[in-house]
Amino acid sequence: MDQIRSNFFWQGAKEEFRYHMAKMDTICRPKNQGGLGMINTSTMNECLLVKWIWRIAKGSNETWFKILQAKYMQNGSFFSSSPRGASQFWQSLHKVKHLFKWGAIFQVKDGANTMFWEDTWKGDTPIKIQFPDLYKMCANPRARVADCWDGENWIIPFRRSLTTTEKDDLDKLLLWLQPSSLSVGLDNITWALENSKVFSTKSLYSFMTNRGVMLKDSNSCWKVRTPLKIKVFLWQLSNDRLQTATALKRRGWKGSHLCCLCGKPENVDHIFFRCSLARFLWAGVGEALGLAQQPGSWEDLVATWSKNCNFPKHLGMLLFASLAWALWTTRNKMAIEHIFPNNAIQTFHVFVGFMQRWSPLSKASNREKVRDLVELLKAWAMGFRPSMTSISDIEFL
Ligand SMILES: [Zn+2]
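Rules of the game
Residue positions within a chain follow its written sequence, with the count starting from 1. The predicted nature of this model means local features are confined to residues of pLDDT at least 70 and side-chain atom pairs, given and counted, to a pLDDT of 80 or more, with totals for whole chains, interfaces and linings taken over all residues. Comment: elements are numbered from the N terminus, with helices defined as DSSP H or I runs of at least four residues and strands as E runs of at least two. With C-beta atoms placed from the backbone, a contact is any residue pair whose C-beta atoms sit within 7 Å. Put plainly, a residue is buried at 20 or more neighbouring C-beta atoms within 10 Å of its own, exposed at 12 or fewer, and partly exposed in between, counting only other residues' C-beta atoms, which are placed from the backbone. In predicted models, pLDDT denotes the confidence assigned by the predictor to each residue on a 0 to 100 scale. At least two bridges found by DSSP between two strands is the condition for calling them paired. Each axis is a line fitted through C-alpha atoms, taken for helices only over the stretch in contact, and angles between the N-to-C directions span 0 to 180 degrees. Reported orientations rely on four angle classes, namely roughly parallel under 35 degrees, roughly antiparallel over 145, roughly perpendicular from 65 to 115, and oblique for the rest. Crossing handedness is read from the near helix: turned anticlockwise from the far helix by less than a right angle, it gives a left-handed crossing, and turned clockwise, a right-handed one. Throughout this entry, Asp, Glu, Lys and Arg are counted as charged residues, while Ala, Val, Leu, Ile, Met, Phe, Trp, Tyr, Cys and Pro are counted as nonpolar. The remaining residues, Gly among them, count as polar. Expected span of a helix, by definition, is 1.5 Å for each gap between consecutive residues, and there is one gap fewer than residues.

## Observations regarding the overall build of the chain
Counting secondary structure elements, the chain contains 19 helices and two strands. Taking the contacts inside the chain whose residues are at least 6 apart along the sequence as the reference set, 61% of them involve residues at least 24 apart.

Put into structure tokens, the structure is as follows:
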């Protein structure tokens, strides 16, 4: 099903082959994580199965739990049960149990249901991550915490005698474990990915699709007041998903990866910030609006440039959208149809034209500011003598 949707997103209903410029998992990320917010159904299914693991691990007095317990968990918990010969449901739970470990934090009491090496119960990560060399040598990677406690001391069995460095590591580990000891009662589980510490499908889904990290400024391409087509274009641009020559080359395209204008490797930062044509447009923007510095990359644009402008950030984004769309359409005409603009100022006029055309989409309270910017840019372009720069010798700018 995800394959069908992926094809539709990139090819539309047409049969013709087109390069898929983003992985399905990128498209499926929430918008605040730089995605398009589509639900990835197989990931969602996994999250719903993990929810069952959570419910089973927490235990219950209800009948469904008692049935599962009698059938599969006579010797302990879900994690010590075996998937072999079990129902499809139980087997599928075992297939996703590694995902449960991403968010589960075990509060150890008797240590019977917590894995010494593989669960997170001391610190923020499993001991196997904190002491990888010791983990490689351990006698039983699936040992429970209770197996490593003799009532008074921590006893950790290894497969062979340890080297000096490994012994040092072990000393560190024992020292770190020292204050902890086992007590009476069942181990408890909390969920680290949710403030409430209670499992939620949403928190795991968000974690799995982008490790739960919110991308700064990833919303800016959706908030900009332009037609939807341009928002999608900005999303592609900011995620390096445009069909630039370098990106196509990576996907096995036979053509050249060089810019058709200046012969340098063509990627997103080149087209929109570093190519001579882009630098000309940015230089014009700088002169027209009195900006000291121009961005050299997309990161630079969102991190520095749009913050240092003498106008609000959303106007900077609208300006960039217009400028980038002018460069992209010009670039496509050059690369695909071999139509070159007569001079660079022509592309500048196209850029200001887009900005003017989209200005009615801005909030009423901002329209005047947009018009002011457009007027400044237009005035600069009118005062510019085209003879000064033919398209071929604007490199000096
Ligand atoms: Zn170039």
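## Quick notes on the environment of proline 227
Residue position: proline 227 is located in the loop between helix 11 (220-223) and helix 12 (228-238). The class for proline 227 is partly exposed, based on 14 C-beta atoms found within 10 Å. Each C-alpha atom of the pair proline 227 and tryptophan 358 lies 7.6 Å from the other, and the pair is 131 residues apart in sequence.

## Here we look at the confidence of the model for the chain
Chain-level statistics for the chain give a pLDDT mean of 83 and a share of 85% at 70 or above. Looking at the elements of the chain, mean pLDDT is at its lowest for helix 1 (residues 2-11), recorded as 54, and at its highest for helix 18 (residues 344-358), recorded as 95. Note that residues 212-216 has pLDDT below 50 and, in this model, eight contacts with residues that lie over four places away or in other chains. Across residues 392-397, where pLDDT falls below 50, the model places nine contacts with residues more than four positions away in sequence or in other chains.

## Considering the pairing of strand 1 (residues 104-107)
The two faces of strand 1 differ: Ala104 and Phe106 on one face are buried, but Ile105 and Gln107 on the other face are not. The pairing of strand 1 with strand 2 (residues 188-191) spans four bridges and is antiparallel. Each residue of the ladder has a partner; that of alanine 104, found in strand 2, is tryptophan 191.

## What about unusual backbone geometry?
Backbone geometry at lysine 197 places phi at a positive 70°, although glycine is not the residue there. Assessed through the 12 C-beta atoms surrounding it within 10 Å, lysine 197 is described here as exposed. The phi dihedral of histidine 338 is positive, around 60°, even though this residue is not glycine. Positionally, histidine 338 belongs in the loop between helix 17 (313-337) and helix 18.

## Overview of the packing of helix 15 (residues 276-289) against helix 19 (residues 364-382)
Any two packed helices are characterised by the angle at which their axes cross and by the distance between the axes. As a packed pair, helix 15 and helix 19 sit with axes 9 Å apart at the nearest point and diverge in direction by 110°. In terms of their interaxial angle, helix 15 and helix 19 are classed as roughly perpendicular. Viewed along their axes, helix 15 and helix 19 form a crossing whose handedness is right-handed. For the pair formed by helix 15 and helix 19, the contact residues are Gly284, Val285, Glu287, Ala288 and Leu289 on the first element and Leu373, Leu376, Leu377, Trp380 and Ala381 on the second. A breakdown of the residues in the contact of helix 15 with helix 19 according to their chemical character gives eight nonpolar, one polar and one charged.

## Brief notes about the environment of valine 352
Turning to its location among the elements, valine 352 is positioned in helix 18. Residues valine 352 and leucine 319 lie 33 residues apart in sequence; the distance between their C-alpha atoms is 8.4 Å. If sequence neighbours within four positions are ignored, valine 352 has contacts with Val374, Leu377, Lys378 and Ala381.

## Things to note about helix 15
Along an α-helix, residues three or four apart share an orientation, since each turn contains 3.6 residues. Taking 1.5 Å as the rise per residue, helix 15 with 14 residues should run 20 Å; its terminal C-alpha atoms sit 20 Å apart, in good agreement. All of the buried residues in helix 15 are Leu277, Ala278, Phe280, Leu281, Trp282, Gly284, Val285 and Ala288. Where helix 15 is buried, its residues meet helix 14 (268-274), helix 17, helix 18 and helix 19. Directly beyond the C-terminal end of helix 15, a positive phi value near 70° is found at glycine 290.

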